[in-house]
Amino acid sequence: MKTTILSIAMMLIAVVTYAQDKNKKMTFDVNGRCAMCKERIEEAALNVKGVKYANWDIPTHQLAVIMDERKTDAMKIKTAIVAVGHDTKELKATDEAYNSVHPCCLYREDNSDDGQHHENKQ
């Protein structure tokens, strides 16, 4: 009886410990300028399997994500983001991807916050 209770307790501890390790919070820099960029960046991140939450802050250029480390990693998220035209510190979008964003979203020459000068129009 004692061994059964001990076994159940050990399995419960293992399950709880494993469940706590699956979600990881991260933030990283992503270049962009406005609400259209925000929507594009967040959508790209959320389309990566395992990403549960994505929020890009326009003034700080910080992308906060919550991801399941068993399904994805930071480089997969950054790869998805550069594919839609936004640079990160580690990866740079191709010229083709960068030039595909709306003209007001082009940030490489002028990385100022232009979010107050236009609304989300694509």
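Residues numbered from 1 in each chain as written. Predicted model: local features only at pLDDT ≥ 70, side-chain atom pairs only at ≥ 80, totals over all residues. Heavy atoms only, no water.

Participant: Would you mind going over the overall build of the protein with me for this structure?
Facilitator: Across its full length, the protein carries four helices and three strands. Starting at the N terminus and walking to the C terminus, you meet the elements of the protein as α-β-α-β-β-α-α. Scored against the burial criterion, the 122 residues of the protein give a buried share of 36%. Put simply, 55% of the contacts in the protein that link residues at least 6 apart link residues at least 24 apart. Summing over all exposed atoms, the protein offers an accessible surface of approximately 7,800 Å²; the carbon and sulfur share of this is 56%. (Helix = DSSP H or I, 4+ residues; strand = E, 2+ residues; numbered from the N terminus. Buried < 20%, exposed > 50% of the residue type's maximum accessible area, 1.4 Å probe, protein only. Contact = heavy atoms within 4.5 Å. Areas by Shrake-Rupley, 256 points an atom, 1.4 Å probe, with all protein chains shown as cover.)

Participant: What exactly am I supposed to notice about the pairing of strand β3 (residues 62-68) here?
Facilitator: Here is the key point about a regular strand: its side chains alternate between the two faces of the sheet. Where strand β1 (residues 23-29) meets β3, seven bridges bridge the pair, whose relative direction is antiparallel. Bridge pairing links F28 to L63 in β3. Note: strand β2 (residues 51-57) against β3, six bridges, orientation antiparallel. What sits directly across from D57, in β3, is Q62. Hairpin connection from β2 to β3: four residues lie between these consecutive antiparallel strands, with H61 at a positive phi of about 60°. (Pairing = 2+ DSSP bridges.)

Participant: For this particular structure, what's the right way to read the sheet that holds β1?
Facilitator: Through backbone hydrogen bonds, the strands of a sheet pair up, either in parallel or in antiparallel fashion. Across the sheet, three strands lie side by side as β1-β3-β2; this open sheet has antiparallel pairing. The two strands at the open ends of the sheet, each matched to only one other strand, are β1 and β2. Neighbouring strand axes in the sheet, compared pairwise and without regard to direction, differ in orientation by 15° on average. Across the face of the sheet, helix α2 (residues 35-46) comes into contact with β2 and β3 while running at roughly 160° to β2. (Axes fitted to C-alpha atoms, helices over the stretch in contact; angles between N-to-C directions.)

Participant: Any chance you could explain the pattern of salt bridges here in plain terms?
Facilitator: A side chain of one charge can pair with a side chain of the opposite charge when the charged atoms of the two come close. Tallied over the entire structure, the rule returns seven salt bridges. Between E90 and K78 there is a salt bridge; the shortest N-O distance is 2.8 Å. Of this pair, E90 sits in the loop between α3 (74-83) and α4 (95-99) while K78 is found in helix α3, placing the two residues twelve residues apart along the sequence. (Salt bridge = Lys/Arg side-chain N within 4 Å of Asp/Glu carboxyl O.)

Participant: What should I look at first to understand unusual backbone geometry in this one?
Facilitator: What is expected of a backbone is that most residues other than glycine have negative phi and most peptide bonds are trans. Phi at H61 takes a positive value of approximately 60°, unusual for a residue other than glycine. Looking at the element boundaries, H61 is found in the loop between β2 and β3. Overall, H61 belongs to the buried group, its relative accessible area being 10%.

Participant: Teacher, can you tell me more about α2 here?
Facilitator: For an α-helix, the turn length of 3.6 residues means that residues three or four places apart are oriented alike. Between its first and last C-alpha atoms α2 spans 16 Å; for twelve residues at 1.5 Å apiece the expected length is 16 Å, and the two agree. Residues of α2 that are buried: M36, C37, R40, I41, E42, A44 and A45. Buried-residue contacts for α2 involve β2, β3 and α3. (Expected span 1.5 Å × (residues − 1).)

Purely spatial values, then, with no claim about function.
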